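Spelled out from the first residue to the last, the chains are:
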Amino acid sequence: MTNKFVMNIDFNKNPDGLVPAIIQDAKTKNVLMLGYMNAEAFEKTKASGLVTFFSRTKNRLWTKGEESGNVLNLVDIKLDCDNDTLLVLVNPNGPTCHKGSDTCWNEENKQSYGFLTALENTITSRIKNADSQKSYVASLFAKGINKVAQKVGEEAVEVVIEAKDNNDELFLEESADLLFHYLMLLQAKGFKLNDVIKVLKERHK
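Residues numbered from 1 in each chain as written. Predicted model: local features only at pLDDT ≥ 70, side-chain atom pairs only at ≥ 80, totals over all residues. Heavy atoms only, no water.

J.: Can you walk me through the pairing of strand β6 (residues 86-92) in this structure?
T.: Every other side chain in a regular strand lies on the same face of the sheet, so the side chains alternate between the two faces. Where strand β1 (residues 19-25) lies against β6, 5 bridges are found, and the strand directions are parallel. Its bridge partner being in β6, I23 is matched across the sheet by V88. Sheet topology places strand β5 (residues 72-79) next to β6; 7 bridges connect them, and they run antiparallel. Paired with K78 across the strands is L87, a residue of β6. Once β5 ends, the chain turns through 6 residues before running back antiparallel as β6, passing N83 with a positive phi of about 65°. (Pairing = 2+ DSSP bridges. Helix = DSSP H or I, 4+ residues; strand = E, 2+ residues; numbered from the N terminus.)

Structure representation (C-alpha cells):
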C-alpha cells in the first residue's frame, strides 16, 4: 500500500508541519471529519491502512478509533493543487464522531443520489401525509399497488412509443414520467432506489 501513495506534500507550508486531512466516505462520498497530519502520521496511515492523525490536544500521533474501535480504513489519498491539503477516502468502521454520530456534523452517513433522493423523500412525505385530495402521489397510492404498477406499465409503453419517434422533448417527458412512477412503485413495495443500486453493484463485481 505504501508505494501507491507517493506524493509531494508540502508539510513545511505551515510552521507546525501539519496539513489538513479531509476524511470522506469512499462509498457515500459524505465528508466525515477533518483532521491534521504531519509527515509521520501520513507515513503511518500508509503503512497501517488505518487513518492516523497528529492530535494537537494529545500532542502525539493518534490513530482514529484506537480506543473506540471505530477506525477509518484507508481506501485512497488525493493531494490538492497546492500540495498542502489531503482528501482521504475511507471505509469507516462505525460512527466517526466521538459523540457517536456518523459524521462530525451530526449527519447520517447515508448514500445520496442528489435530486433523485430529494424526489424520493418528497414521495415518502406525500404518502405519509396521505392527503389524496391535494396530492397526486397520495391519491394514486390510495388506489393500491396494482394501480401504481399499472401506471408504471403505461408510462413504459409511452417511452417505447416516443423512442421510435423523432420528438426528443416528448421522449424525455415520458422518460421522466416513467422514472417518477417507478420510484413510487419501489416505495409501494417497501423499497428505495438504494436497494436497486445495491443489486446493480453486486452484478457489477
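What follows continues from the structure just given.
J.: Could you clarify how one ought to interpret the side chain of E174 in this entry?
T.: Following the sequence through the fold, E174 ends up in helix α5 (residues 168-188). Among buried Asp, Glu, Lys and Arg side chains, E174 stands out as unpaired, with K151 the closest opposite charge at 7.9 Å. In this view, E174 contacts E155, E158, V159 and E162; residues no more than four positions away in its chain are not counted. (Buried < 20%, exposed > 50% of the residue type's maximum accessible area, 1.4 Å probe, protein only. Lys, Arg positive; Asp, Glu negative; His and termini not counted. Salt bridge = Lys/Arg side-chain N within 4 Å of Asp/Glu carboxyl O. Contact = heavy atoms within 4.5 Å.)

J.: Could you clarify how one ought to interpret the nonpolar core in this entry?
T.: Grouped together as the largest cluster of nonpolar side chains are 22 residues, with contacts concentrated most on I23, M37, F42, V51, L86 and V88. Contributing elements (two or more residues each) for this core: β1, β2 (31-37), α1 (39-48), β3 (52-55), β5 and β6. In this view, F42 contacts F5, M7, I9, F11, M37, I77 and L86; residues no more than four positions away in its chain are not counted. By size, the runner-up hydrophobic cluster in this structure holds 13 residues, among which are L119, L140, V148 and L185. (Core = buried A, V, L, I, M, F, W, Y, C linked by side-chain atoms within 4.5 Å.)

J.: Explain the environment of I123 to me, please; I cannot follow it from the model alone.
T.: You can see I123 is positioned in helix α2 (residues 115-129). When residues no more than four places from it in sequence are discounted, the contact partners of I123 are V137, F180, L183, M184 and Q187.

J.: Honestly, the pairing of β3 in this entry has me stumped. Any pointers?
T.: Residues T52 and F54 line one face of β3 and the alternating positions F53 and S55 line the opposite face, and both faces are buried. Judged from the 4 bridges that link them, β3 and strand β4 (residues 60-63) form a sheet pairing that is antiparallel. Its bridge partner being in β4, T52 is matched across the sheet by T63.

J.: I keep staring at the sheet that holds β5 and nothing clicks. Help me out?
T.: Think of a sheet as strands paired side by side through backbone hydrogen bonds, with each pair either parallel or antiparallel. Read from one edge of the open sheet, 4 strands run β2-β1-β6-β5, paired in mixed fashion. Lying at the two open borders of the sheet, with one neighbouring strand each, are β2 and β5. The mean inter-strand angle of the sheet, taken between neighbouring strand axes irrespective of direction, is 30°. The strands touched by α1 within the sheet are β2, β5 and β6, with β2 carrying the most contacts at an inclination of about 125°. (Axes fitted to C-alpha atoms, helices over the stretch in contact; angles between N-to-C directions.)

J.: Looking at this structure, how should I read α2?
T.: Every α-helical turn comprises 3.6 residues, leaving residues that sit three or four positions apart pointing alike. Counted at 1.5 Å a residue, the expected span for α2 with its 15 residues is 21 Å, and the 21 Å between its end C-alpha atoms agrees. For α2, the full list of buried residues reads T117, L119, E120 and I123. Along α2, the residues classed as buried sweep out an arc of 160° about the axis, all on the same side. Turned more than 90 degrees from where α2 packs its buried face, F115, K128 and N129 sit exposed. Looking at the buried side of α2, the elements it contacts are α3 (136-142), α5 and α6 (193-204). A130 occupies a position one or two residues after α2 and carries a positive phi of about 55°. (Expected span 1.5 Å × (residues − 1). Arc of directions from axis to C-beta.)

J.: Whenever I open this one, the layout of surface pockets confuses me. Can you help?
T.: Over the atoms a probe the size of a water molecule is rolled, and this reveals where empty space is left. Of the pockets and cavities examined, the largest pocket occupies roughly 490 Å³. Lining the largest pocket are 21 residues, and of these M33, K58, W62, K64 and H98 lie nearest its centre. Mapped onto the lining of the largest pocket, the elements with two or more residues apiece are β2 and β3. Ranked by residues supplied to the lining of the largest pocket, first place goes to β2 with 4 residues. Looking at the lining of the largest pocket residue by residue, the classes come out as 8 nonpolar, 7 polar and 6 charged. Its boundaries defined by the atoms lining it, the second largest pocket holds a volume of some 290 Å³. Surrounding the second largest pocket, E108, K110, Q111, S112, Y113, T117, E120, N121, K192 and N194 form its lining. No other element matches the 3 residues that α2 contributes to the lining of the second largest pocket. Partitioning the lining of the second largest pocket into residue classes produces 1 nonpolar, 5 polar and 4 charged. (1 Å grid on protein atoms, 1.4 Å probe; cavity = no way out; pocket = protein on both sides within 12 Å on 5 of 7 lines; lining within 4 Å. Points joined across faces, edges and corners; volume = space filled by probe spheres on them. Nonpolar A, V, L, I, M, F, W, Y, C, P; charged D, E, K, R; others polar.)

Everything listed is a geometric property; what it means functionally is a separate question.
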